[in-house]
Protein chains: 2
Amino acid sequence: MNVLETYAPITVFICSLIALAFSTYQFFAVKKKPEGTDTMKTIGGKIRKGAMAYLKRQYKTVGVFFAVMFIILLVLSFAGFLTPYVPFAFLTGGFFSGLSGFIGMKIATYANTRTANGAQQGLNKGLKIAFASGSVMGLTVVGLGLLDISVWFMLLKFVFKLNNVEDIMSAMLTFGMGASSMALFARVGGGIFTKAADVGADLVGKVEAGIPEDDPRNPACIADNVGDNVGDVAGMGADLYESYVGSIISCGALAAAAGLGFNGVLVPMLIAAIGILASIIGTFFVSTKENADQKALLGSLRRGTYASSIISAIGSAVLIFTLLPENSNVFWAVISGLLAGVLIGFFTEYYTSDSYKPTKKLSASSETGSATIIIDGIALGMKSTAIPVIIIGISVIVSYFTAGGANSFTSGLYGVGLSAVGMLSTLGITLATDAYGPVADNAGGIAEMSGLPEVVRERTDALDSLGNTTAATGKGFAIGSAALTALALIVSYTDKVKSLGKGLDLAITNPAVLIGLFVGAMLPFLFSAMTMQAVGRAAQKIVVEVRRQFREIKGLMEGKADADYETCIDICTKSSLKEMILPAALGILAPIIVGLVLGVNGVVGMLAGALVSGFVLAIMMANSGGSWDNAKKYIEAGNYGGKGSENHKAAVVGDTVGDPFKDTSGPSVNILIKLLSMVSIVFAAIVVQFGGLGLF
Amino acid sequence: MNVLETYAPITVFICSLIALAFSTYQFFAVKKKPEGTDTMKTIGGKIRKGAMAYLKRQYKTVGVFFAVMFIILLVLSFAGFLTPYVPFAFLTGGFFSGLSGFIGMKIATYANTRTANGAQQGLNKGLKIAFASGSVMGLTVVGLGLLDISVWFMLLKFVFKLNNVEDIMSAMLTFGMGASSMALFARVGGGIFTKAADVGADLVGKVEAGIPEDDPRNPACIADNVGDNVGDVAGMGADLYESYVGSIISCGALAAAAGLGFNGVLVPMLIAAIGILASIIGTFFVSTKENADQKALLGSLRRGTYASSIISAIGSAVLIFTLLPENSNVFWAVISGLLAGVLIGFFTEYYTSDSYKPTKKLSASSETGSATIIIDGIALGMKSTAIPVIIIGISVIVSYFTAGGANSFTSGLYGVGLSAVGMLSTLGITLATDAYGPVADNAGGIAEMSGLPEVVRERTDALDSLGNTTAATGKGFAIGSAALTALALIVSYTDKVKSLGKGLDLAITNPAVLIGLFVGAMLPFLFSAMTMQAVGRAAQKIVVEVRRQFREIKGLMEGKADADYETCIDICTKSSLKEMILPAALGILAPIIVGLVLGVNGVVGMLAGALVSGFVLAIMMANSGGSWDNAKKYIEAGNYGGKGSENHKAAVVGDTVGDPFKDTSGPSVNILIKLLSMVSIVFAAIVVQFGGLGLF
């Protein structure tokens, strides 16, 4: 055994501990800050309580699913279809994914009041607290991700003495399925909660009763703020944990298939480890002057991510030239991934930020009412899919060929896998800038509900608006990396099938592949329909409840009586937990059913179809939604008639339509794509044996 | 040479003449009917004049394109990349496609006043006239289609003495490209015209000024009626000509590739010929009692299509058992196509008609305003994609395996081609029921503008509402057949490439194929964005103009002065001609650019990606749009507050968003999918020689 094989996993393990230590330090640093007035404490407490209560019930529901799946996997492994590690790997993936969300949400619910309080003293104070809490989330996700990976790797290699690298990676792929399942539940459940509360609160509060957003008289306003935490924070944490881990292990699996041995498998892990250190250093570059404007704020966040990217690139170069000297060109694969992530992020911002033409033009279409702003918003989202597709295409070409794809197909694909790892290597800091958004949003809500001076609200608004931009960038990363990771997973699936002794005919003209492509292309649409309708149904219930409270609670509108916030939170919790089951079932059952009917070739077709149509649909939904949101904000800032004008009303309709687009369906589609692949891999042996109806 | 090879083409030719004779007879029968009052004549004349003026200018613009393409193709054929027939075949395809639209529109603009006048005497009278004019369109399309096919076939075989069936089909495929190009221009141009006028007229007339639809005071109302003719009639005619011809020639090409010789090639033509006779017989089943309700009306139309289907199925059985005795199982392929068409049509109706739950529920979501009706409508459209995908999947499986796919790949695909021909064999009558809709719609407008009694408007409304349902069914057919035809064309492309001596690696894991899939999946989105934004821009101009007239023409609102209708028509004409260029360019340039960059494998990936994502997107847009339209009508019928209520306003927003969905972007995507394939086939030789950057 060479020295590297021993020390590299330990190095990765240590880096994961550094990330967790840094995030623990930040966690307590944030918690030490003063929380503000008693009203702020009370409101903050209510939000925290509601969010935690939701998560507990979510984990209980998801726990049942995990228990059932665990038993199924156990049975399958006893029957010889799976290795004995699979059921346990599945559990850890799910556990850590959930834990990432939990910790991120914990800190976010501490940081929201503290950010509002900090903003009383100045913009920079607020930014620092909100960003610190974001970095807790970012570094928890990457820390737990690498911890899980390195511990499993060492366990399989040093304890269970698996010496074949392919066997190790095959076992590790299955904790990806656990992570994906958890992520899907968290994203869908949280996404439904947050948007049901948001839409419901707006429809009755803003539109019908004419009271402002975050007004304490609105019974759904606490639920709305709880939603930001369970959806935008906990959901996102679980989601990106899954993306991060998925990219690293799928790349490792490709290295194994390409015959690059342990070195090939360890490189993606080590690149991720370097990225952790780079991210930590990057966080120190984030701060701003007191009189900073929006642009300076964004500049300060950018400084952090750019510094991390550069450090990460240099570190990866050194690493690759040392460990893969004969194959050092794969360095360009990593760079192409990093660059693709940055570029997709930039174009997401271009399409969704009101600093650029598209969203400005979208605001202008409010002149002719809500129908035209909807049409133009959808068109904007559709149009915005072109550039990311081209970026991903170029990135695949560059990474494939620099990694030697012209001579060896598998080596080329390893390059594609590495570009996904490169894209996500600086996740520690990109996620920090992303996760800071909902905290700022919450801080604004708390400032409003606690009756803090107007200037505080203005500061939190500035922070929040910036958060929309960084959230858009974060979504770009999530979508881009999902595409590359899913690609790697599809190839891993074909390797798995081949290792089971089954031949493949993946020609696009093979009817099984073709029908699979059709079904796959349809799945993201069906899935989005399910999640959007779920939001609609849950929002409907909130509307009924809020109307009831306005009607029945005497003195509520005059501010003399308190609203019953708990009932709204309870409705959201119950609905979202109920509604998340069906979409998740679709993700898990579709690959099995398609496999049984169309066989393994059909599964590959389905995966490819879901990947390409899901990628395009997810970008469209994210960008339409983001642009509507900012078009509304742009009008609220005094353009086209400003708040209360007919234009504003039209923009509110756009924003409401965009809510489930960008915060429920869109981001869940990313996870769906990967979950489909993961499930296919885990159930490959069953499909190989029983699939295809004797026809395919 | 066997007897069949001589007589079969002549039989097909004669059947095409029968269709044209029947449609000519119907044409003059309709024209003989009385036109009604002088006002009706004047209004009808204005609509006809505007529509004809538009078509003339459209043909002029398109003529330039055809001239340029003709020269390019001529140069390429001199350079040896194409056979000398190609440039001329291209022209005839375009010419007949355009002619189909022209004749259909001619009769529609005669029939609209006559239908309104007939409706004065009763429902049945109105139905008869409108349906007769629809059958002119239907039989013109199929007649011209088979005429073009049979004449070219005889020309190539008997005059130019081509004896290799593959060479004949290869030359014939190229007039498909002409037809597709023309269809795209007609659908996109007409689609932009009609929706710009419709949206523009509604936004200012209905929403701002509060005057009813089709009110003569609205300066855009004539343009709106013109739009129905140039978009829904002429556009649809060109579109379905292309579908019809495309399915028959692509099936023929597959027969040639499968080594089934002339018999195999002649079978699809003969099935189509049988379908013509069946359609003519079917038209005699359409009539209704005077006191018929909506259900009876629909029943009467259904009787016609079902009778035709049954006759067509029996005829095809006899034909196949005689001509392909060793391969008679392909009969089931034809049946599966026929059945798939009927089923997709039924489910389209299920999702869009207000007789069923989905649209009723959509109407209910107007209770919480325009945002929720938009969200739910999009979700409805997305959900409705699942069943058609499954139907197409089953139909592919059945037709592939019954045609012997288990033993021979090419024979199986011939079965898939035959199922597309089966689906479209009764187009003569299904198109008649479809084309009757816009005539009824126009008749209603004329009744309103001419101040005919309320009861007449009620009758035309009943006819129109039925037209929405049959239009939805027609769209189902168009989409379903597009999927199967595009599939056949993709295979024809691979055959073409192989015949040029180039090997293919179509595995989905080949990076060129994968990137092609991504690009292909994105194209329908980009295309839809372009066409939707085009509608928005053109509608904007109409809004400005209508507002100007309301402001500047004294006495217009009091009915004392006439509106300036011509300017609105002129604006629509100019905008739509300008705006149709870019989307059409996308369809023609994308395959060439992708081919040059990614090579032939990339092209196949692109075609497959565009097919599956375009299929799903087209269904979603058509069904969302159809359902919004009918939800609005359902509310107008007195449900959920009826006309003028807040619910109605929300439903109007939904309907306005749905307009470009269902009448511009959605139906054009079908054509885009096939145009991409056609262009790929024609430019295959160039791509084989120069494509792939030396990498792929």
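Residues numbered from 1 in each chain as written. Chains lettered and ligands numbered in written order. Predicted model: local features only at pLDDT ≥ 70, side-chain atom pairs only at ≥ 80, totals over all residues. Heavy atoms only, no water.

Concerning the pattern of salt bridges
Residue and element names in this part refer to chain A. The test is simple: We define a salt bridge as a side-chain nitrogen of Lys or Arg found within 4 Å of a carboxyl oxygen belonging to Asp or Glu. Secondary structure elements follow DSSP: runs of H or I of four or more residues count as helices, runs of E of two or more count as strands, with numbering from the N terminus.
If you walk through the whole model with that rule in mind, you get 49 salt bridges over all chains. One salt bridge in this structure joins E552 and R548, with 2.8 Å as the shortest N-O distance. One end of the pair is E552 and the other is R548, both in helix 16 (residues 511–552) and four residues apart, which spans about a single turn. Ionic contacts of the salt-bridge type, sharing partners, join the residues K195, D198, K475, D629, K633, D659, K662 and D663 into one network.

What about helix 18 (residues 581–636) of chain A?
All names here are of chain A. Put simply, the rule reads: Expected span, for any helix, means 1.5 Å times one less than how many residues it has. Bend, at a single residue, is the angle you get between axes fitted to the 7 residues ending at that residue and the 7 residues starting at it.
The end-to-end C-alpha separation of helix 18 is 37 Å, well short of the 82 Å expected for 56 residues at 1.5 Å each. Along helix 18, the helix axis deviates most sharply at L598, where the bend reaches about 130°. Looking one or two places after helix 18, you find G638, whose phi comes out positive at around 110°.

Observations concerning the interface of chain A and chain B
Note the cut-off: The contact rule is simple, with two residues in contact once any of their heavy atoms fall within 4.5 Å. A 1.4 Å probe defines the accessible area here, and the buried area is the portion of it lost by two parts on being joined, summed over both. N or O atoms closer than or at 3.5 Å make up a polar contact, with two conditions inside protein: a donor-capable atom paired with an acceptor-capable one, and, for residues adjacent in sequence, both atoms drawn from side chains.
On the side of chain B, 68 residues touch chain A, which itself brings 68 residues to the contact. Here chain A packs against chain B, burying approximately 6,200 Å² in sum over the two surfaces, 86% of which is carbon and sulfur. For the interface between chain A and chain B, the tally reads zero salt bridges. Summed over the shared surface of chain A and chain B, the number is four residue pairs in polar contact (both at pLDDT 80 or more).

Regarding the layout of surface pockets
Spelled out, the test is: Only protein atoms enter the 1 Å grid used here. Points where a 1.4 Å probe fits but cannot escape make up a cavity, open sets with protein on both sides within 12 Å along at least five of seven lines make up a pocket, and a residue lines them when an atom lies within 4 Å of a point. Grid points are joined across faces, edges and corners, and a volume is the space filled by probe spheres set on the points. Residue polarity follows a fixed list, in which Ala, Val, Leu, Ile, Met, Phe, Trp, Tyr, Cys and Pro are nonpolar, Asp, Glu, Lys and Arg are charged, and the others, Gly among them, are polar.
Roughly 540 Å³ of internal volume is contained in the second largest pocket. K361, L362 and D376 of chain A together with Q533 and R537 of chain B are the residues nearest the centre of the second largest pocket, which is lined by 18 residues in total. Of all the secondary-structure elements, those providing two or more residues to the lining of the second largest pocket are helix 9 (330–352), helix 10 (357–364) and helix 11 (370–383) of chain A together with helix 16 (511–552) of chain B. At five residues, the largest contribution of residues to the lining of the second largest pocket is made by helix 10 of chain A. By residue class, the composition of the lining of the second largest pocket is six nonpolar, six polar and six charged.

Here we look at the relation of the copies chain A and chain B
Related by rotation about an axis and a shift along that axis, the two copies of the chain form a pair. The line we're drawing: In this comparison the copies share one frame, found by least squares on the C-alpha atoms of residues holding pLDDT of at least 70 in both.
Rotating chain A by 180° about the axis while translating it 0.0 Å along that axis superimposes it on chain B, leaving an RMSD of 0.0 Å. One copy is carried onto the other by what is essentially a two-fold rotation axis. In terms of proximity to the rotation axis, the leading residue of chain A is A507 of chain A, whose C-alpha is 2.1 Å off the axis.

Structural notes on the packing of helix 6 (residues 221–257) of chain A against helix 19 (residues 646–682) of chain A
Residues and elements named next belong to chain A. What counts, and what does not: Angles run from 0 to 180 degrees between N-to-C directions of axes, and those axes are lines fitted to C-alpha atoms, restricted for helices to the stretch in contact. Between 65 and 115 degrees an angle is taken as roughly perpendicular, under 35 as roughly parallel, over 145 as roughly antiparallel, and anywhere else as oblique. By convention the crossing between two helices is left-handed if the near helix lies anticlockwise of the far one by an angle smaller than a right angle, and right-handed if it lies clockwise.
Two elements in contact, helix 6 and helix 19, have axes separated by 11 Å at closest approach and are oriented at 30°. On the basis of the axis angle, helix 6 is roughly parallel to helix 19. Where helix 6 crosses over helix 19, the two elements pack in a sense that is left-handed. From helix 6, D232, D239, E242, S243 and G246 reach across to helix 19, where they touch D663, P667, I671, K674 and M678. Residue composition of the contact of helix 6 with helix 19, grouped by class: three nonpolar, two polar and five charged.

Let's talk about a positive patch on the surface
Residue and element names in this part refer to chain A. Short version of the rule: Only residues above 30% relative accessible area that lack a salt bridge enter a patch, with like-charged residues linked at up to 9 Å and the nonpolar side chains Val, Leu, Ile, Met, Phe, Trp and Tyr linked at up to 5 Å. Values of accessible area rely on a 1.4 Å probe in the Shrake-Rupley scheme; residue burial ignores everything except the protein chains shown. We treat Lys and Arg as the positive residues and Asp and Glu as the negative residues; His and chain ends play no part in the count. Every charge is mapped to an atom, namely NZ of Lys, CZ of Arg, CG of Asp or CD of Glu. Residue burial is assigned from relative accessible area. The probe radius is 1.4 Å, only protein chains are included, and a residue is buried under 20% of its type maximum, exposed over 50%, and partly exposed in between.
A cluster of like positive charges, contributed by K32, K33, K125 and K128, occupies part of the molecular surface. When you line up the elements, K128 lands in helix 4 (residues 123–159). We classify K128 as partly exposed; its relative accessible area is 43%.

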